Amino acid sequence: MLLTLVRKEILGQILNVRFYVSFALAFLFLISATYILATDYGWMQKEFGPLIGEGFYNPQGWDRFWVCREIPPLRVLSTGLGDSLSLRSHNTISEGCYFGESQFVHNLLGDILSHLDFLFFINIVGSLLAFTFTYDAISGERQRGTLRQMMANPVRRAVLLLSKFFGSYLSFVISLLPALAGVVLVLYLHPDVEFGASDWKASFWLFLLALLNIGVFFMLGVFVSCVTREPKTTLTALMAIWVLLVLVVPNFSPLVAAGLHPIPAFHQVQGQIDSLSQEHAEPVHREQHKFLDAHGGDYEALSEEDKMEYQAIWRDHCRTFYAEELTKIWEAFFNKMDAQAKLAQHLSLISPSAILTYLASDLSHTGIESEHAFRFATIRFRRRYAANVGEHIQRTGDKTKLWVIDNKLVPAFVVPRPTVSEVISTHLPQFIALVLYIFLFFCGAQITFIRSSI
Amino acid sequence: MRLLRTLIQRELLEDLTSSRYILTSVLCVILCLTSIILMSGDYERRLERYNFRMSGLTQDELLRTLCFAKRPQPLSVISRGVDEVMGRPLNITGWQPEEEPIAHVGGRSAEGQHLYGSAQGQHLFELFTTPDFVYIVGMILSAFAIFLSFGTICGEKQTNTLSLLMSYSIRRPTLLFAKWMGGYISLLISLCPAMLLMLVFLTVSSSVSLQGEDWMRLLGIIGFSFVYLLIFFTLGLFTSTLTHRPATALILVLFIWALWVLGVPRIGCSVAKGLRPIQPNHTFGLHKRAVRQGSVEDYREILWKMDDQYIATVDGQMELGRDLSRFSPFASYVYASSTLAKTGISDAQNFRQQVSDWDRERRRGRVTQLTLPPLRLEQSFGEITTDLTLLLLWNVLLFAGAHVAFLRYDVR
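Keep in mind that this is a model prediction, so the values were computed, not measured. (Residues numbered from 1 in each chain as written. Chains lettered and ligands numbered in written order. Predicted model: local features only at pLDDT ≥ 70, side-chain atom pairs only at ≥ 80, totals over all residues. Heavy atoms only, no water.)

### Looking at the overall build of chain B
Then, in step 1: A tally of helices and strands in chain B yields 18 helices and 3 strands.
Then, in step 2: Each of the 412 residues in chain B was classed as buried or not, and the buried ones make up 61%.
Then, in step 3: In chain B, the proportion of contacts linking residues at least 24 apart, taken out of those at least 6 apart, comes to 80%.
Then, in step 4: Approximately 16000 Å² of chain B is accessible, and the part contributed by carbon and sulfur atoms is 61%. (Helix = DSSP H or I, 4+ residues; strand = E, 2+ residues; numbered from the N terminus. Buried < 20%, exposed > 50% of the residue type's maximum accessible area, 1.4 Å probe, protein only. Contact = heavy atoms within 4.5 Å. Areas by Shrake-Rupley, 256 points an atom, 1.4 Å probe, with all protein chains shown as cover.)

Here it is, written out as C-alpha cells:
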C-alpha cells in the first residue's frame, strides 16, 4: 500500500509544474554558482601569488615572513567564513603575528552581496522549494475534498503521511539529481579546481547532509499541512517557522552564548598585553642601558659590532616574548573563544539550517574550526622557530638570525586538517539531530492528523 | 470612484482579519526587532574598536603612526553595506606606494581588533547572512509579499468568487487596481508595528545616536523599502493573472523571485569580473617594483599614476557589475539603501579618495588635517536616482503586464 501511494505521489509531483521549476532552479543555480566560485578560486590563487599553498614564505633578506595555507578546494561548494577565513598570517621576528589582513583597493560588490554557493541554495531556496512541494499535502487535499475519498479506503493515516513525505521528497531529489551531476562535472572539468580523494569524499558527505537537511523541511511541511485547514494558511505558517529556524535562531544563539559564557572584553585583553609588554620591556631596557654605560654611553660612538650587540638584547627579548609570553595570552583567549563558539553551536541545534551551516563549513574546512586550527598552528610555528633560533645562538653565538630569517632554522608549517571521517564522527550528534527532527515532525504530523477531522 | 473605494475597503477588511496578515505582522515584529538588536550590538562593538584606536589621537600622533580607521556609520544598523569592511584599521606603511595602492589593511593595529571581532561572534555574521533591515526587506519580506499576493486572482477563481464578482458591473481594471491597492495597503499596515518598534528602539537606544540628517536618510530607506515591496506584491499579482491555479502561480512566482533576487545580482557581478578582469594584486606589485627610475619624487609620481590606473580598472569592474546586477530590483534596493545609510560603494570610494589625497599631499610636503567627511545628503540622493527610477519602472511594467493579462483572463 505504501509503495502504491508513494508511486502515485511521485507521478503526481512529476507531472506537476513545480517539479520542472525545481529542476530548472536547481540546474541554473547550482551549476552557475559552482562555476562562478570555481573561477573565483582560480582568480584567488593568481591574486595571492606565492602567498598561497601550505608553507612558509620569506622574500629574500627580509625580516618578515608569511605562513600560509592553501585555499580549501571545497570553498567552491561552501564559502563558510568567506574572505574572513585567514589564508595567511604575516609575521615579523620582533613583533607578533597578524591575521585579518586584506586589500584596501578591491571590488566591493562581493562584500555588499553575499556569496551564492551550494549551501546557500540548499538552505534558502531548497527549504522554500520543500515547502512548495508539501504545503498542500494534507490541507490541499482536504480543501479539494479528495482526502475524504482517500480515507474511505483502508489506508492508515501513518501510511498516508509517509507516502506524502516520501513521494514529494523523492520527486524533489529526482529533480535535483541532474543539477548535482552538473556540479560534479563542473568540479571535475574546471581547470582551476583540483579535487583529491578526500575532497570528493567530503563532497559526497556534503550532498548527503544537504539531502538530509532538505528532508527535515519536507517533513515539517507535511506536519504543518496537517495542522492547518487551508493551504494559504499552511504557507504563511511555514514561512514564519522558516524565518525562525533559518534567520532568528542561528543569529541569536551566539548572542545567548556570549551571555552565558562571557569572555574578556577587548580592552581587558589589550590592557593585559600592554601591561605584560611593559613589565617585560623594563628589565631589557635596563640591560641595554647597562651595556651602553659599559661602552662609553653614546650609541652613535659604538662600533658596528657593539651596535648589533645592543640591538640584539632587544631583539632576543622580542624573540622569546612574542613567541612565548604573548602567545600564552592569545592561546587562552582563543580557547575561550572556542568554548563560546561551541556553546553557540550547541544552542543552535534547535535550527536544522544552523546545523547544516556549521557541519558543511567544517566539512569543507572553511568554518570556525578551520580558522582556529590555522591560528593555533601559527602560534606553534612561531614557538618552534623562536626555539630553533635560540638554540642556534647558544650553539654558535651568531646573533644575525635575530634580524634575518634563515630558512634552515624554519620548522615545517602544517595546519592540521581533520579527515572526513574525523569530522563526521565529531559531529555525529548533529547528524543524529537532523534524523531526530524528521522523526519528531512525523510524530507531530501523525498526532495532529489523527486528531483532525477530514 | 465609490466602487473603487468599496472594493479597496473589502480587500482591506478581508486581508486584515485573515490569520495570514496577522501572522505576517507578528513575524515582521520578530524579524525587525531581532535585526535591530543584533545590528546595534555589532555597531556598538565596532564603535568601541574605533574609539579605542582613534579617540584622543592628535594630528602629531597620526603623522607618527599613520594608522587610523573610518568611523562606523550609525545607519549601518539598518544597512550594513561595506561599513564593516571600510572600518578596518588602515596603515600607511613605508611600503606604500611601492606595494599595494594607498594603504595596507591590517598589521599591528588589526590584530586586537581581529581577535575581538572574532571573539564577539562577528565570524558568525560571515557564516550566517547579516540580518540587517535591508536584507530582511530585500529577501524575506519580498518573499512574504509574493506569498500574500500570488493567489489574488487565481485564488478567487478557484473559490468561484471571481466569476460572481465579475457578474456585477465592475470593470476589470477597477477590480485589479482595487486588489492591488487593497492588498498592498494591508501589507503596509501589517509592517507598521514592526517599523514603529524599530524607530522607537533607535530613538531610545543609547548605543545608536542618530542626528537630523540620519533621520532623513532613514525615512528615505523606509520609502525605498515600500517601493521595493510593491514590486514583489505586483509580481505576485501579475503571476496570479497568468495562471488559473494558485499552486501553479506560487511555484512560478517563486521561480521568478529566486532568479531575480538571488541569481541575477550575483551573476551580474561575476559576468563583470569576466568582461573587465583586474590584474592580480601580486603581479601588479611586481610591475611596480620593476619600475624604478629617476629620483624618489619622480618614481613616486609614476607609481601613483600606476595606482590610479589600477584603481580605475577596479572601479570599472565594480561599475559594470553594478549596472548588470541592476536588472534585479534587489540589487537596486541594496545599492540605494546602502548609499542612503552612508555605507555604500560611493561612500567607500569617497573615503578611499580622501585617504589617497591626504597621503599624497603629505608626501609632497603639504601636511593637512585628516578629515573624512561622508557624502552629503544631496550627494547621496543624487546617487540613488537611477535606482529609484528602476524600481518605479519595474512597478509600472509589472502592473501594466498584470493589467493586460487580466483583460484577457477567463474568469469562469
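That covers the picture; the talk isn't over yet.
### Things to note about the overall build of chain A
Then, in step 1: Across its full length, chain A holds 15 helices and 5 strands.
Then, in step 2: Along the three orthogonal principal directions, the C-alpha set of chain A runs to about 110 × 45 × 35 Å.
Then, in step 3: The buried share of chain A, reckoned over its 454 residues, is 59%.
Then, in step 4: Of the contacts formed within chain A by residues at least 6 apart in sequence, a portion of 80% connects residues at least 24 apart.
Then, in step 5: Carbon and sulfur atoms provide 62% of the accessible area of chain A, an area that totals close to 18600 Å².

### Thoughts on the nonpolar core
Then, in step 1: Ranked by size, the top nonpolar core spans 232 residues in total, and within it Trp-242 of chain A together with Ile-78, Phe-232 and Trp-257 of chain B carry the most contacts.
Then, in step 2: In terms of residue count, the dominant contributor to this core is helix H8 (residues 197–227) of chain A (16 residues).
Then, in step 3: Among all residues touching Trp-257 of chain B, those that are not within four sequence positions of it are Leu-128 of chain A together with Met-139, Ser-142, Ala-143, Ile-146, Phe-232 and Leu-262 of chain B.
Then, in step 4: In this structure, Phe-321, Phe-333, Ile-379 and Val-415 of chain A belong to the second largest nonpolar core, which totals 35 residues. (Core = buried A, V, L, I, M, F, W, Y, C linked by side-chain atoms within 4.5 Å.)

### Considering the environment of Ala-145 of chain B
Residues and elements named next belong to chain B.
Then, in step 1: Looking at the element boundaries, Ala-145 is found in helix H7 (residues 133–149).
Then, in step 2: Overall, Ala-145 belongs to the buried group, its relative accessible area being 0%.
Then, in step 3: Counting along the chain gives 38 residues from Ala-145 to Gly-183, while the straight-line C-alpha distance between them is 9.4 Å.
Then, in step 4: With near-sequence residues (within four places) excluded, Ala-145 lies in contact with Leu-187, Leu-229, Phe-232 and Phe-233.

### Topic: unusual backbone geometry
Then, in step 1: Here Asn-160 of chain B, not a glycine, exhibits a phi torsion of approximately 65°, which is positive.
Then, in step 2: Tracing the backbone through its elements, the reader meets Asn-160 of chain B in the loop between helix H8 (154–158) and helix H9 (161–166).

### With respect to the interface of chain A and chain B
Then, in step 1: Facing 84 residues of chain A, the contacting portion of chain B comprises 92 residues.
Then, in step 2: Here chain A packs against chain B, burying approximately 8100 Å² in sum over the two surfaces, 75% of which is carbon and sulfur.
Then, in step 3: Counting across the chain A and chain B interface gives 1 salt bridge.
Then, in step 4: Here Asp-40 of chain A and Lys-273 of chain B are joined by a salt bridge, their closest N and O atoms 3.4 Å apart.
Then, in step 5: The interface formed by chain A and chain B contains 2 residue pairs in polar contact (both at pLDDT 80 or more).
Then, in step 6: The residue inventory of the side of chain A that touches chain B, partitioned by class, reads 50 nonpolar, 23 polar and 11 charged. (Buried area = accessible area lost by both parts, 1.4 Å probe. Salt bridge = Lys/Arg side-chain N within 4 Å of Asp/Glu carboxyl O. Polar contact = N/O pair within 3.5 Å; in protein donor to acceptor, adjacent residues only side chain to side chain. Nonpolar A, V, L, I, M, F, W, Y, C, P; charged D, E, K, R; others polar.)

### Points about the sheet that holds strand S1 (residues 55–57) of chain A
All names here are of chain A.
Then, in step 1: Ordered by their spatial adjacency, 4 strands build an open sheet running S1-S2-S3-S4, and the pairing between neighbours is antiparallel. What marks the edges here is a single partner per strand, and that holds for S1 and strand S4 (97–98).
Then, in step 2: With 3 bridges connecting them, S1 and strand S2 (residues 64–68) associate as antiparallel partners. By the bridge assignment, Gly-55 is partnered in S2 with Cys-68. (Pairing = 2+ DSSP bridges.)

### As for helix H13 (residues 281–290) of chain B
Think of an α-helix as turning once every 3.6 residues; residues three or four places apart then point the same way.
Then, in step 1: Among the residues of H13 of chain B, those classed as buried are Asn-281, Phe-284, Gly-285 and Lys-288 of chain B. Projected down its long axis, H13 of chain B carries its buried residues within an arc of 100°, all on one side. (Arc of directions from axis to C-beta.)

### So, helix H11 (residues 212–242) of chain B
Then, in step 1: Under the 1.5 Å per step criterion, the end-to-end length of H11 of chain B is 46 Å for 31 residues, consistent within 8% with the ideal 45 Å.
Then, in step 2: Of all the 31 residues making up H11 of chain B, 22 are buried; the element is thus mostly covered by neighbouring parts of the structure. (Expected span 1.5 Å × (residues − 1).)

### Points about the packing of aromatic side chains
Then, in step 1: This model, assessed by the stated rule, comprises 34 aromatic pairs over all chains.
Then, in step 2: With a centroid separation of 5.8 Å and an interplanar angle of 70°, the aromatic rings of Phe-131 of chain A and Phe-217 of chain A are classed as edge-to-face. Of this pair, Phe-131 of chain A sits in helix H4 (residues 118–134) while Phe-217 of chain A is found in helix H8, placing the two residues 86 residues apart along the sequence.
Then, in step 3: You can call Phe-131 of chain A buried: its relative accessible area is 2%.
Then, in step 4: For Phe-217 of chain A, a relative accessible area of 0% translates into the label buried.
Then, in step 5: Seen from their ring centres, Phe-177 of chain B and Phe-399 of chain B are 6.3 Å apart, and the 90° between their planes marks the pair as edge-to-face. With Phe-177 of chain B in helix H10 (residues 172–204) and Phe-399 of chain B in helix H18 (residues 385–407), this residue pair connects regions lying 222 residues apart in the sequence.
Then, in step 6: Owing to a relative accessible area of 29%, Phe-177 of chain B belongs among the partly exposed residues under this scheme.
Then, in step 7: Through successive ring pairs, a cluster of aromatic residues spans Phe-133, Phe-165, Phe-166, Tyr-169, Phe-172 and Phe-218 of chain A. (Phe/Tyr/Trp six-rings, centres within 6.5 Å; stacked < 30°, edge-to-face > 60°.)

### Quick word on a nonpolar patch on the surface
Then, in step 1: On the surface, Leu-255, Val-256 and Leu-260 of chain A together with Ile-37 of chain B cluster together into a nonpolar patch covering about 320 Å² of accessible area.
Then, in step 2: A per-element tally of the nonpolar patch places helix H9 (residues 231–260) of chain A first, with 3 residues.
Then, in step 3: Here Val-256 of chain A falls in the partly exposed class, since its relative accessible area comes to 40%. (Patch = residues over 30% accessible without salt bridge, like charges linked within 9 Å, V, L, I, M, F, W, Y side chains within 5 Å.)

### Re the pattern of salt bridges
All names here are of chain B.
Then, in step 1: Under the definition given, this model contains 39 salt bridges over all chains.
Then, in step 2: Between Glu-11 and Arg-10 there is a salt bridge, with the nearest N and O atoms lying 3.2 Å from each other.
Then, in step 3: Taking relative accessible area as the criterion, Arg-10 reaches 29% and is therefore assigned partly exposed.
Then, in step 4: Asp-308 serves as the salt-bridge partner of Arg-360, at 2.9 Å between the closest nitrogen and oxygen. One end of the pair, Arg-360, is in helix H16 (residues 345–363); the other, Asp-308, is in helix H14 (residues 296–325), and 52 residues separate them in sequence.
Then, in step 5: Residues participating in the shared-partner salt-bridge network are Arg-10, Glu-11, Glu-14, Glu-156 and Lys-179.

### A closer look at the confidence of the model for chain A
Should pLDDT be low for a region, the predicted coordinates there are not to be read in detail.
Then, in step 1: Looking at chain A as a whole, its pLDDT mean stands at 86, while 96% of the residues score no less than 70.
Then, in step 2: The secondary structure element of chain A with the lowest average pLDDT is S4 of chain A, at 73, and the one with the highest is H8 of chain A, at 94. (pLDDT = per-residue confidence, 0-100.)

### Concerning the packing of H11 of chain B against helix H15 (residues 329–340) of chain B
Residue and element names in this part refer to chain B.
Then, in step 1: Axis separation between H11 and H15 bottoms out at 9 Å; the angle between their running directions is 175°. With respect to their mutual orientation, H11 and H15 come out roughly antiparallel. Residues Arg-217, Gly-220, Ile-221, Phe-224, Ser-225, Tyr-228, Ile-231 and Phe-232 of H11 lie in contact with H15, whose contacting residues are Pro-329, Phe-330, Tyr-333, Ala-336, Ser-337, Thr-339 and Leu-340.
Then, in step 2: Its residues assigned to classes, the contact of H11 with H15 comprises 10 nonpolar, 4 polar and 1 charged. (Axes fitted to C-alpha atoms, helices over the stretch in contact; angles between N-to-C directions. Parallel < 35°, antiparallel > 145°, perpendicular 65-115°, else oblique.)

### Brief notes about the pairing of strand S3 (residues 88–92) of chain A
All names here are of chain A.
Then, in step 1: Counting buried residues along S3, 5 of its 5 residues qualify, which places the element largely inside the surrounding structure.
Then, in step 2: Neither face of S3 is left uncovered, since the one carrying Arg-88, His-90 and Thr-92 and the one carrying Ser-89 and Asn-91 both have all their residues buried.
Then, in step 3: In terms of strand pairing, S2 meets S3 through 5 bridges, oriented antiparallel. Considered in S3, the bridge of Phe-65 is made with Asn-91.

### A word on the environment of Ala-312 of chain B
Then, in step 1: Residue position: Ala-312 of chain B is located in helix H14.
Then, in step 2: Ala-312 of chain B sits 24 residues away from Lys-288 of chain B along the chain, and the two C-alpha atoms are 16 Å apart.

### Some points on the pairing of S2 of chain A
Then, in step 1: Of all 5 residues making up S2 of chain A, 5 are buried, and the element is well covered by its neighbours.
Then, in step 2: Here S2 of chain A shows a buried face lined by Arg-64, Trp-66 and Cys-68 of chain A and a second buried face lined by Phe-65 and Val-67 of chain A.

### Focus on the packing of H8 of chain A against H9 of chain A
All names here are of chain A.
Then, in step 1: Interaxial distance between H8 and H9 falls to 10 Å at its minimum, and their mutual angle equals 140°. On the basis of their axis angle, the class for H8 and H9 is oblique. The interaxial crossing formed by H8 with H9 has right-handed handedness. Contacts from Phe-217, Leu-220, Gly-221, Val-224 and Ser-225 of H8 reach H9 at Thr-234, Ala-237, Leu-238, Ile-241, Trp-242, Leu-245 and Val-246. (Left-handed = near helix turned anticlockwise from the far one by under 90°.)

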